[in-house]
Amino acid sequence: MTLLLLKSNESIVKMTQSIFEKQFIKDPKLEKDLDDRRKRLMLQDIYYNIDNLEAAILHDSEHIIVDYVNWLMGLLFYRMKHLGLDRIKTFMIDHYILLNEAVNSAMDEVYIEKAEKHINNAIEAIRHFELNNISYLDGIRLESQAKNYLEALLARDRQKASDIVITTLDNGATLEEVYVGLFRPVMHEVGNLWYKNIIAVDKEHYATAVTQGVMSQLYPRIFATPKNGRTMVSLCVGNELHEMGIRMLSDLFEIQGWDTIYLGASVPWESLISSLEEYNPDLITLSVTMPNYLSNCKETIDAIRKEKRFDHMKIAVGGKALDMGNNLREKWNVDVEATSYEELVAWTRIN
Ligand code: B12
């Protein structure tokens, strides 16, 4: 039995609620420390924490839970700075202890053993967690252009944002440099600002929409590059909404001369099959950012591999959920273990 099964019969809701209530009994001071909104979010977070534990167990990856906990600790800190990091560490350790107790009373022995290992890793990660002060724009080659572009996005000035990109290209930067050296770090910085609670999610959406608009403006240049006869189909798996990374990858391959078919997010299996039949790609690229969609990725790979008529197609997987050192690519039936566009291009030059 897995927790995923529990989810379908409502017991997971009961488990979440019970952990939530016990947390306040264990630590009565929390009642005062958290306002009503934080309490509601905490209930939601417990559900996500269970989901993440499940992903770590399913894929037998300590990286999944450690990466998540390190991310979550910063997220909580930037939203509850007044409590201080040590206080947040205390109730998060309590939380994982309560989660462990809940698993112990609901699951079988095999599951309990696996869960305990991951929960202990989570607790260790919380104990050792330290804040870092990353900026994705300091020291990069197009630093001033990237900073001006970000400033334009945050000022909601899309005309200026577009002008900065066109001027950067006119001044000699290549399309590839603009994608890899400007759009990519700026989007990572946008995520960083949201994470640090400096901007709200609407600005993240706006930055995404404007950047996608500017990318479309570049299409006449991108699609004018000489073709090399190779074809690529790319998409996100499951309900993954982060489709900009794979769209960028697809555009970058188009710049390299590939004929690219970018399908985006939420592609039904039947549509994927018909695309593969119609376009007969040399390479299929699948992207996954959130660890809870890793299972969908594995299922998609297995389903493609079952169809003998697609045997000649190579499969590459990538995205944030695979870049945390969990070595899942090695365990899956895929052809290439690339973490970035640059690595994948290098691989396609010799394969
Ligand atoms: C824009 C964005 C969104 C948009 C996505 C819109 C869209 N159309 O794509 C929206 C608003 C929908 C969104 C939603 C969420 N997001 Co968001 N999002 C981002 C953000 C800011 C930018 C993503 C992006 O475009 N990056 C730029 C591209 C170029 O980089 P990339 O995705 O890493 O892709 C590169 C590589 O990974 C690689 N790659 C990707 N795929 C593949 C495939 C192959 C085969 C290969 C070889 C390589 C490869 O190549 C790409 C180019 O170099 C990131 C920040 C970040 N660090 O990325 C957060 C981020 C990914 N989001 C995050 C979160 C938490 C969420 C939400 C849960 C909550 C929220 N913020 O609203 C939801 C979940 C949605 C869901 N169900 O999927 C977190 C994830 C944290 C974690 N635990 O890992 C991040 C990291 C923000 C943060 N710092 O906390 N998000």
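Just so it is clear, the model here is predicted, and its values are computed rather than measured.

Right, let's talk about the domain arrangement of the protein chain for a bit. According to the domain assignment, the protein chain consists of domain 1 (3-128), domain 2 (143-220) and domain 3 (226-350). Centre-to-centre, using C-alpha coordinates, domain 1 lies 32 Å away from domain 3. Contact with domain 1, which involves nine residues of that partner, is made by eleven residues of domain 3. Carbon and sulfur atoms supply 58% of the area that domain 1 and domain 3 bury against each other, a total of about 770 Å² over both sides. Summed over the shared surface of domain 1 and domain 3, the result is one salt bridge.

With respect to spatial proximity, 37 residues lie near the ligand, and among them Trp71, Arg184, His242, Glu243 and Ser287 are the closest. Between the ligand and glutamate 243, the relevant distance is 2.5 Å, taken from a nitrogen atom to a side-chain nitrogen or oxygen of the residue. Residue methionine 244 places a main-chain N or O atom 3.1 Å away from an oxygen atom belonging to the ligand. By residue number, the principal contributor to the shell around the ligand is helix H10 (residues 175-195), which donates six residues. The class makeup of the residues in the shell around the ligand is 17 nonpolar, 14 polar and six charged. Counting contributing residues, the shell around the ligand receives three or more from each of domain 2 (143-220) and domain 3 (226-350).

To continue, consider H10. The end-to-end C-alpha distance of H10 is 29 Å, a good match for the 30 Å that 21 residues give at a rise of 1.5 Å each. Downstream of H10 by a residue or two, asparagine 197 has a phi angle that is positive, lying close to 65 degrees.

With respect to the secondary-structure elements, tyrosine 111 resides in helix H7 (residues 109-128). On the basis of relative accessibility, which here comes to 6%, the residue tyrosine 111 falls in the buried class.

With that settled, consider the pattern of salt bridges. All told, the structure shown has 18 salt bridges when counted by the stated rule. Where glutamate 177 meets arginine 141, a salt bridge forms, and the shortest distance between an N and an O atom there is 3.2 Å. One end of the pair, glutamate 177, is in helix H10; the other, arginine 141, is in the loop between H7 and helix H8 (143-154), with 36 residues separating them in the sequence.

The subject of this paragraph is H7. Count 3.6 residues to each turn of an α-helix, and residues three or four apart come out pointing the same way. Here H7 spans 29 Å end to end across 20 residues, near enough to the 28 Å set by a 1.5 Å rise per residue. Among all positions of H7, only Tyr111, Ile112, Ala115, His118, Ile119, Ala122, Ile123, Ala125 and Ile126 are buried. The buried residues of H7 occupy an angular sector of 155 degrees when projected down its axis, which confines them to one face. Of the residues in H7, the exposed ones pointing more than 90 degrees away from the buried face are Glu109, Val110, Glu113 and His128. Near the N-terminus of H7, the side chain that reaches the backbone nitrogen of valine 110, with its oxygen 3.3 Å away, is that of aspartate 108.

About the cut-offs
- Residues numbered from 1 in each chain as written.
- Predicted model: local features only at pLDDT ≥ 70, side-chain atom pairs only at ≥ 80, totals over all residues.
- Heavy atoms only, no water.
- Domains from an automatic or database assignment.
- Contact = heavy atoms within 4.5 Å.
- Buried area = accessible area lost by both parts, 1.4 Å probe.
- Salt bridge = Lys/Arg side-chain N within 4 Å of Asp/Glu carboxyl O.
- Near = heavy atom within 4 Å.
- Polar contact = N/O pair within 3.5 Å; in protein donor to acceptor, adjacent residues only side chain to side chain.
- Helix = DSSP H or I, 4+ residues; strand = E, 2+ residues; numbered from the N terminus.
- Nonpolar A, V, L, I, M, F, W, Y, C, P; charged D, E, K, R; others polar.
- Expected span 1.5 Å × (residues − 1).
- Buried < 20%, exposed > 50% of the residue type's maximum accessible area, 1.4 Å probe, protein only.
- Arc of directions from axis to C-beta.

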